[in-house]
Amino acid sequence: MKNVCILLAALMGCFVLSASAQRQKVEKVIPRNLFSEQWHHYRYQSKGSLGILQRYFRDTVSVQEMKEAFRKYHAHRFTSSPYAGFDSIVYGFNDRSILLTSPLRDHPICKVRNLRGVWARGKRFHLQQLLDSNGQPQTELLKRVNGDTLPLMERTYVFLREPRHYMGFIVSPLPSADTFDKHSRVGTGGFNYRPLDFFCFKAPGFVLDGHWYHRIRSGARFFGRMVNLDFGNDGYSDIQNEHTFSVLLYEKPREARSAEGGYTLELLSPEQPDEETLNAFNRMKRYVEYLMPGTFNPLFTSDFRIMTGRYFLVTVDKCGWLIEDYLQ
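Reading the values: rules and limits
- Residues numbered from 1 in each chain as written.
- Predicted model: local features only at pLDDT ≥ 70, side-chain atom pairs only at ≥ 80, totals over all residues.
- Heavy atoms only, no water.
- Helix = DSSP H or I, 4+ residues; strand = E, 2+ residues; numbered from the N terminus.
- Buried < 20%, exposed > 50% of the residue type's maximum accessible area, 1.4 Å probe, protein only.
- Lys, Arg positive; Asp, Glu negative; His and termini not counted.
- Salt bridge = Lys/Arg side-chain N within 4 Å of Asp/Glu carboxyl O.
- Polar contact = N/O pair within 3.5 Å; in protein donor to acceptor, adjacent residues only side chain to side chain.
- Contact = heavy atoms within 4.5 Å.
- Pairing = 2+ DSSP bridges.
- Axes fitted to C-alpha atoms, helices over the stretch in contact; angles between N-to-C directions.
- Phe/Tyr/Trp six-rings, centres within 6.5 Å; stacked < 30°, edge-to-face > 60°.
- Core = buried A, V, L, I, M, F, W, Y, C linked by side-chain atoms within 4.5 Å.
- Parallel < 35°, antiparallel > 145°, perpendicular 65-115°, else oblique.
- Nonpolar A, V, L, I, M, F, W, Y, C, P; charged D, E, K, R; others polar.

**Student:** Account for the side chain of Arg194, naming residues and giving values.
**Tutor:** Inspection of the secondary structure assignment puts Arg194 in the loop between β10 (185-190) and α5 (198-202). No salt bridge is formed by the buried Arg194, whose closest oppositely charged neighbour, Glu251, lies at an N-O distance of 9.0 Å. There is a polar contact of 2.9 Å between the side chain of Arg194 and the backbone oxygen of Ser46. Beyond its immediate stretch of four places on either side in the chain, Arg194 contacts Gln45, Ser46, Pro173, Leu174, Trp212, Asn297, Pro298 and Phe300.

Below, the structure is given as structure tokens:
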């Protein structure tokens, strides 16, 4: 009996050691970019077609322009609405867009060309309000515009859903378009839903009926946790003091991409970093350059361009990495 007890104790000890070793093994083989079945789910959620929007969004925001925008706007806090100056669209409950191709701009009635329209989106685009520069309704003009619907037909309505300010740009990852003939909708393109990036998609937490920007904060924090996991203590344990710096993450040109990844990082501030800051930046850059193409979905601007860059504020000390998105 005594021998049996000893044998059982030995087996239990082996089991504990084996489980401990297995747990350590699992921790050590965390993939550099953590793309597993969640990656495939994210890519499925990101699918869609620009369709007719390709005729409108033909240009991209250059890296140089994004860097200049940071220098000009990074300390600026926008208080105006991203809807200001645009016609807006109300669709369903708490779903708003800006209309980039307003029929009012070239309407036969000259008096309405400088007015702001509020539209309802359904089987057709219906003009609900006409507002002057002071926000006052122009009821008589509204009746005249809606009385002659021909100028509102046979056109494409291009809009951005739930836009936000971002370093002087007005952006959204959700461009859409509806094309009409005289009678009905004949074409559509764009995205009704699309995650902003993999980290926002995978970040812990749940938002009921939320918009794309509601997970920006948690997504950026999750980004920081992934940098922590990727480097382990080697990524920050030798940093003596807290350091904060700003970076521009952007998509490499197709010809410059490698098999490992499709992004790179540039340091925006401070302009003269100390050695520890520069070392931390280089570690983060090394991580970013292993991220797969498609990790970040592009943003679309109100001036019909595609923006593949993101601005992040990074804080690192001996406890780890904290990443915040300027978009939040």
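**Student:** I'd like to hear about the environment of Tyr73, residue by residue, with values.
**Tutor:** Along the chain, the position of Tyr73 falls in helix α3 (residues 63-73). Spatially, the C-alpha atom of Tyr73 lies 8.7 Å from that of Tyr166, the residues being 93 residues apart in sequence. Discounting residues that sit within four places of it in the chain, Tyr73 has contacts with Phe78, Met167 and Gly168.

**Student:** So what's going on with the sheet that holds β10? Which residues, and what values?
**Tutor:** Reading across the sheet, the seven strands line up as β5-β4-β2-β3-β6-β9-β10 and stay open at both edges, with mixed pairing between neighbours. Either end of the sheet is taken by a strand with one partner, and the two such strands are β5 (125-131) and β10. On average, adjacent strands in this sheet sit at an angle of 25° to one another, irrespective of strand direction.

**Student:** Could you give an account of the packing of aromatic side chains, naming the residues involved and the relevant values?
**Tutor:** Applying the stated rule across the entire model yields 27 aromatic pairs. Seen in terms of ring centroids, Phe125 and Tyr157 are 4.1 Å apart; in terms of plane orientation they differ by 0°. Their pairing is stacked. In this pair, Phe125 is assigned in strand β5 and Tyr157 in strand β6 (residues 156-161), connecting sequence segments 32 residues apart. Across the pair, Tyr157 and Phe125 agree in class, each one buried. Between Phe199 and Phe296, the ring centres sit 5.9 Å apart and the planes meet at 50°, which makes this aromatic pair tilted. In this pair, Phe199 sits in helix α5 while Phe296 sits in the loop between α7 (275-288) and β13 (299-301), placing the two residues 97 residues apart along the sequence.

**Student:** Can you lay out the environment of Lys123 for me, pointing to particular residues and giving the numbers?
**Tutor:** Looking at the secondary structure, you find Lys123 in the loop between β4 (116-121) and β5. Given a relative accessible area of 76%, Lys123 falls into the exposed group. Those residues in contact with Lys123 that sit more than four places away from it in its chain are Phe180 and Arg185.

**Student:** Give a detailed account of the nonpolar core, specifying residues and quantitative values.
**Tutor:** Of all hydrophobic cores here, the largest spans 36 residues; its most connected members are Phe57, Met307 and Tyr311. With residues up to four places along the chain from it excluded, the contact list for Met307 reads Val61, Met66, Tyr166, Phe169, Val171, Pro298, Leu299 and Thr301. Within the second largest apolar cluster, 30 residues are counted, among which are Phe198, Ala220, Tyr263 and Phe281.

**Student:** Please give an account of the packing of helix α6 (residues 216-231) against α7 that cites residues and values.
**Tutor:** As a packed pair, α6 and α7 sit with axes 11 Å apart at the nearest point and diverge in direction by 95°. Classified by the angle between their axes, α6 and α7 sit roughly perpendicular to one another. On α7, the residues that touch Phe223, Met226, Val227, Asp230 and Phe231 of α6 are Arg283, Met284, Arg286, Tyr287 and Val288. Taken together, the residues that form the contact of α6 with α7 break down as seven nonpolar, no polar and three charged.

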